[in-house]
Amino acid sequence: MKIFKQKWLGRLCGAALLLFGSWFIFCLPDTLFERPYSSVLLDREGELLSAIVAADGQWRFPAPDSVPYKFKTALLHFEDRHFYNHPGVYLPSLAQAMLENLQAGRVVRGGSTVSMQVIRLSRQNPRRTYLEKAAEIFRAIRLEMRFDKDRILRFYAAHAPMGGNIIGLETASWRYFGRPSHQLSWAEAATLAVLPNAPSLLYPGKSVNMLKAKRNRLLRGLQRAGYIDSLTLSLSLDEPLPDAPKALPQLALHALEHLRSEYPERYLFETTLDYRTQKRAEATVREHSRRLTANLVENAAAIISETSTGKVVAYVGNSSRDQKGGHVDMMHAPRSPGSTLKPFLYMQMLDEGLLTPQALIRDLPVNLNGFQPENFDQRYRGRVKADVALARSLNVPAVLQLRAYGAVPFHRKLQLLGFNHMHRKTSHYGLSLILGGAEVTLWELNAAYRKIGSLLIDYQELNARYDHSVPSLHLLESDDTAEKDPQDHLRFFSAGSAWSCVQALRKVARPESEGGWERSGKNSHIAWKTGTSYGFRDAWATGMNAAYTVTVWTGNADGVGRPGIIGSRSSAPLLFELFSMLPHRGAWPEPSDDLFKGAICRLSGMRASRHCSSADTLWLPLACQEAPVCRFHRSVFVTAKKRQRTNRRCDPDGETVSWFVLPAAEAWYYRQFHPEYLPLPPIKPGCAEEAPRQLVAIRSPDPDGPRRFELVRGLAGEREPLVVKAALLKGEGLLFWHLNDRFIGKTSSIHEMELFPDAGEHRLMVIDEYGNQALFEFSIAE
């Protein structure tokens, strides 16, 4: 019987040990602290920009990567001097606490180590009992087996109560002292080390004398232990306690809310923002928006990025959350861009050799299947230089250039550049694409313009390839998408066309507030552009220099238009206010490897032909070597006084001169802006001009035959080409082919070209290297 009882007792003890062992192994949850955290936004230097309270109403910042030395030293000296030498429990402290509690007849001392306190905090401070204390001891031992000492300290620092709804070291450091924990003084670190001991009784603003006495005892203990010297002790004892908790900064709240929606599992956001720049930018945007409210324009937004790195230094999603629509983050709201996309078409046409920067392009009233674009000033210039048309943001030339280039390929280029809200078919936008018919965001527009400047800053040439990587626009320091394929933006424009674009945009007329900028040199290297959407709903201004790219939007978040919402009036002044608070930068670097010196006709701006009477040598993008030669100069025989056209039989003393001739409709508008333009003189009666010898001719189809052709399709439904043949009547050379003013190719020996024109009227121009040309106008019927 005795042996039976012994066996039963052994089995019972074994089962108990097994149950205890199982409990011990699984006594800690997988996640020790299931707590919601505050969302925290930091600038590039770790400065707090803003924070949003946790879902449970507590200010609880995410755990820091490490516990600062001063706080760790003060905490362990106050709470657990043997922390690094015990397995989670320090038995002498427990025994001493038990003795004092028995003598007092109540709990006056806990004897808990930091590890035990972490367990108690993770269980949300359950009722103190001996059974709970026993479980706490074993859980602390298990905690030490699972985590290293530094991790346990981080748990404590992140979840220790610091008074009221302030939880954790980092939160308390900002709420009480207005700076991060690693910048605390010894007195401040000691204050926070003693707070969790009795947070309901001791916190700044209440029981000040008790809190100060505890802090000072700890400081004296640190001095006796050799952690601080007597001078530091004296200075620390004189430091005052903080008052009531400080209000946290509320900068870049729209950025914080955007990041929370993008990364719902994250709470701490270390950004590329700069605290001072962000604060000044918000104040500047807010003040500018206040002035606009007189015209019932309620909202404004801005973004400042580093041109080279793509780091966002200021993110102002809206002018004020107190204004109507102020809660809307306009940084990512799709809006009509107005004319801000014109530079990208300009660069694309330069890169494809369709024009030179100074080439005269058409600007006269047109009706394109019911679409009648107008310039903002409702005037027409007949012909205007391409860079001037861009600088003055003329609508008609831009539409005609897009028609010549093609809306479909341009739409694809914009999508490639990062305009991700243009997801509809090109036919939905049509030619209005260049005037704001699609939608972009403030972020996308800044990113696209920044790539222009970034390319010029980082341009290098290596074996005919670009040997650099351009980071994308990014807000987070650790953004994995910051580095992109080095060739991404180069598929859109070259360094040469970017440089030409920048030179054109530097000539954009400045707002009145920038008067005298040419003389002062202030912001003289800013290349910028404005845009105004249809119905005066959106006003844009975007600019860049070698250091920063700034983009501004003003308008009403609800889309209500106002007459004063114009880029040059409501957004441009704000753009230059923001630039004025940034460091000034020097000239743009010139990408000499991507430019060549070319002879340009002084009047037409096209590559000079032998008929051009005067030419300038200018730096041009490499692709302009393929650009059309001047076709507006022609040789005419005139009388000695150049008042009449004649021939040699009538006037042997006459002379052959080069004359700049525009088509009649274009010439009428052109002369209004260029009174020096001289039309061809009249023909002297009875002395008709001698027909010039035609040096370029269309051979097929017959120029004297029908000019209307049917659209022919093959058996499989494919379109059959219209084959056109041309010839040089003297010698050999190159011929350049242009369909509807768009360069489509060149031929060198066999001068044939396959055309696939759509139904409608067309104009084919074939030009040789000297400017001689042949024109063939025809139509295609369905």
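Report follows, based on the coordinates.

What counts, and where the lines are drawn
Residues numbered from 1 in each chain as written. Predicted model: local features only at pLDDT ≥ 70, side-chain atom pairs only at ≥ 80, totals over all residues. Heavy atoms only, no water. Helix = DSSP H or I, 4+ residues; strand = E, 2+ residues; numbered from the N terminus. Buried < 20%, exposed > 50% of the residue type's maximum accessible area, 1.4 Å probe, protein only. Contact = heavy atoms within 4.5 Å. Polar contact = N/O pair within 3.5 Å; in protein donor to acceptor, adjacent residues only side chain to side chain. Pairing = 2+ DSSP bridges. Axes fitted to C-alpha atoms, helices over the stretch in contact; angles between N-to-C directions. Disulfide = S-S within 2.5 Å. Salt bridge = Lys/Arg side-chain N within 4 Å of Asp/Glu carboxyl O. Core = buried A, V, L, I, M, F, W, Y, C linked by side-chain atoms within 4.5 Å. Phe/Tyr/Trp six-rings, centres within 6.5 Å; stacked < 30°, edge-to-face > 60°. Lys NZ or Arg CZ within 6 Å of the ring centre and 35° of its normal. Parallel < 35°, antiparallel > 145°, perpendicular 65-115°, else oblique. Left-handed = near helix turned anticlockwise from the far one by under 90°. Nonpolar A, V, L, I, M, F, W, Y, C, P; charged D, E, K, R; others polar.

Some details on the environment of Gly436
- Along the chain, Gly436 falls in the loop between helix H17 (426–429) and helix H18 (442–458).
- Sequence separation of Gly436 and Leu341 is 95 residues, and the distance between their C-alpha atoms is 7.7 Å.

A closer look at the environment of Val313
- With respect to the helices, strands and loops of the structure, Val313 is situated in strand E7 (residues 312–316).
- When its relative accessible area of 3% is taken as the criterion, Val313 is described as buried.
- Leaving out residues up to four positions away in the same chain, Val313 has contacts with Arg44, Thr272, Leu273, Asp274, Thr277, Gln278, Ile304, Ser305, Glu306 and Tyr548.

Focus: the side chain of Thr551
- Assignment of secondary structure puts Thr551 in strand E14 (residues 548–555).
- For Thr551, a relative accessible area of 0% gives the class buried.
- Reaching out from Thr551, the side chain makes a polar contact with the side chain of Thr542 at a distance of 2.9 Å.
- Not counting residues up to four positions away in its chain, the partners in contact with Thr551 are Ala301, Ala302, Ile303, Leu442, Leu445, Asn446, Ala541 and Thr542.

Overview of the sheet that holds strand E21 (residues 722–728)
- One open sheet holds the 3 strands; their spatial order is E19-E21-E24, and the pairing between them is antiparallel. The sheet is open, and its two edges are formed by strand E19 (696–700) and strand E24 (752–755), each paired on a single side. Averaged over all neighbouring strand pairs, the angle between strand axes comes to 30°, with direction disregarded.
- Pairing between E21 and E24: 4 bridges, direction antiparallel.

Here's the deal with the state of the cysteines
- Here the structure, examined in full by the defined rule, presents 1 disulfide.
- At a sulfur-sulfur separation of 2.0 Å, the disulfide partner of Cys650 is Cys687. Every disulfide takes its handedness from the sign of the S-S torsion; for Cys650 and Cys687 that torsion is -95°, giving left-handed. Here Cys687 lies in the loop between helix H22 (664–673) and E19 and Cys650 lies in the loop between strand E17 (633–638) and strand E18 (655–660), a separation of 37 residues in the sequence.
- A residue is classified by how much of its surface remains accessible, and Cys650, at 29% relative accessible area, is partly exposed.
- Cys612 carries a free sulfur, and the closest cysteine sulfur to it, the one in Cys601, is 3.2 Å from it.
- Take Cys612: its relative accessible area is 13%, and that puts it in the buried class.

Section: the pattern of salt bridges
- Throughout the structure, instances matching the rule amount to 20 salt bridges.
- The salt bridge involving Arg602 is made with Asp616; its shortest N-O contact spans 2.8 Å. Remark: Asp616 occurs in strand E16 (residues 615–621) and Arg602 occurs in the loop between strand E15 (595–601) and E16; sequence separation between them is 14 residues.
- Asp651 is the partner of Lys684 in a salt bridge, and the nearest nitrogen-oxygen pair spans 3.0 Å. In this pair, Lys684 is assigned in the loop between H22 and E19 and Asp651 in the loop between E17 and E18, connecting sequence segments 33 residues apart.

Observations concerning the nonpolar core
- Judged by nonpolar contacts, the single largest core of 126 residues is most densely connected at Ile304, Phe344 and Phe419.
- In terms of residue count, the dominant contributor to this core is H18 (9 residues).
- Counting residues in each nonpolar core, the second largest holds 50 residues, with Phe33, Ala140, Trp186 and Leu241 among its members.

Examining the sheet that holds strand E12 (residues 527–532)
- Pairing is antiparallel across the open sheet formed by 5 strands, whose spatial order is E7-E6-E14-E13-E12. At either end of the open sheet lies a strand with only one pairing partner, and these are E7 and E12. Strand-to-strand twist of the sheet, defined as the mean angle between neighbouring strand axes without regard to direction, takes the value 10°.
- As paired elements, E12 and strand E13 (residues 538–544) share 6 bridges and run antiparallel to each other. Within E13, the residue paired with Thr532 across the bridge is Ala539.

Digging into the packing of aromatic side chains
- A complete count under the given rule lists 17 aromatic pairs for this structure.
- Consider the rings of Phe83 and Tyr84, whose centres lie 5.1 Å apart with planes at 80°: the pair is edge-to-face.
- By relative accessible area, which is 0% here, Phe83 ends up buried.
- According to the relative accessible area criterion, Tyr84 is partly exposed, its value standing at 42%.
- Here a set of aromatic residues connected by ring pairs shows up, and it is made of Phe632, Phe660, Tyr670 and Tyr677.
- Directly above the aromatic system of Tyr263 lies the positively charged group of Arg266, at a separation of 5.2 Å from the ring centroid.
- A cation over a ring is seen here: Arg607 above Phe736, with NZ or CZ 5.7 Å from the ring centre.

Observations regarding the environment of Val366
- Within the element layout of this structure, Val366 appears in the loop between strand E8 (360–363) and strand E9 (382–385).
- Owing to a relative accessible area of 15%, Val366 belongs among the buried residues under this scheme.
- Residues Val366 and Val396 lie 30 residues apart in sequence; the distance between their C-alpha atoms is 8.0 Å.
- Setting aside chain neighbours within four positions, we find Val366 in contact with Phe371, Gln372, Pro373, Val396 and Leu400.

Points about unusual backbone geometry
- That bond from Ser700 to Pro701 is cis: its omega, -5°, falls within 30 degrees of zero.
- Here Pro701 lies in the loop between E19 and strand E20 (708–710).
- Despite not being glycine, Gln378 has its phi angle at roughly 60°, a positive value.
- The phi torsion at Ser393 lies on the positive side, around 55°, for a residue other than glycine.

Here's the deal with the packing of helix H7 (residues 169–177) against helix H8 (residues 186–194)
- Packing of H7 against H8 leaves a shortest axis separation of 11 Å and a crossing angle of 125°. It follows that H7 is oblique to H8 by the angle criterion. Regarding H7 and H8, the two cross each other, and that crossing is right-handed. Taking contact as the criterion, the partners of Leu169, Ala172, Ser173, Tyr176 and Phe177 in H7 are, on H8, Glu188, Thr191 and Leu192.
- Looking at the contact of H7 with H8, its residues break down into 5 nonpolar, 2 polar and 1 charged.

A look at the side chain of His288
- Inspection of the secondary structure assignment puts His288 in helix H12 (residues 275–292).
- For His288, a relative accessible area of 4% puts it in the buried group.
- Among all residues touching His288, those that are not within four sequence positions of it are Thr554, Ser570, Pro573, Leu574 and Glu577.

Observations regarding the packing of helix H13 (residues 342–351) against helix H16 (residues 407–417)
- Contact geometry for H13 and H16: axes closest at 11 Å, N-to-C directions at 110°. Between H13 and H16, the angle falls in the class roughly perpendicular. In the packing of H13 onto H16, the handedness of the crossing is right-handed. Note on element contacts: H16 touches H13 through Phe410, Lys413, Leu414 and Leu417, opposite Phe344, Leu345 and Gln348.
- Broken down by class, the residue content of the contact of H13 with H16 amounts to 5 nonpolar, 1 polar and 1 charged.

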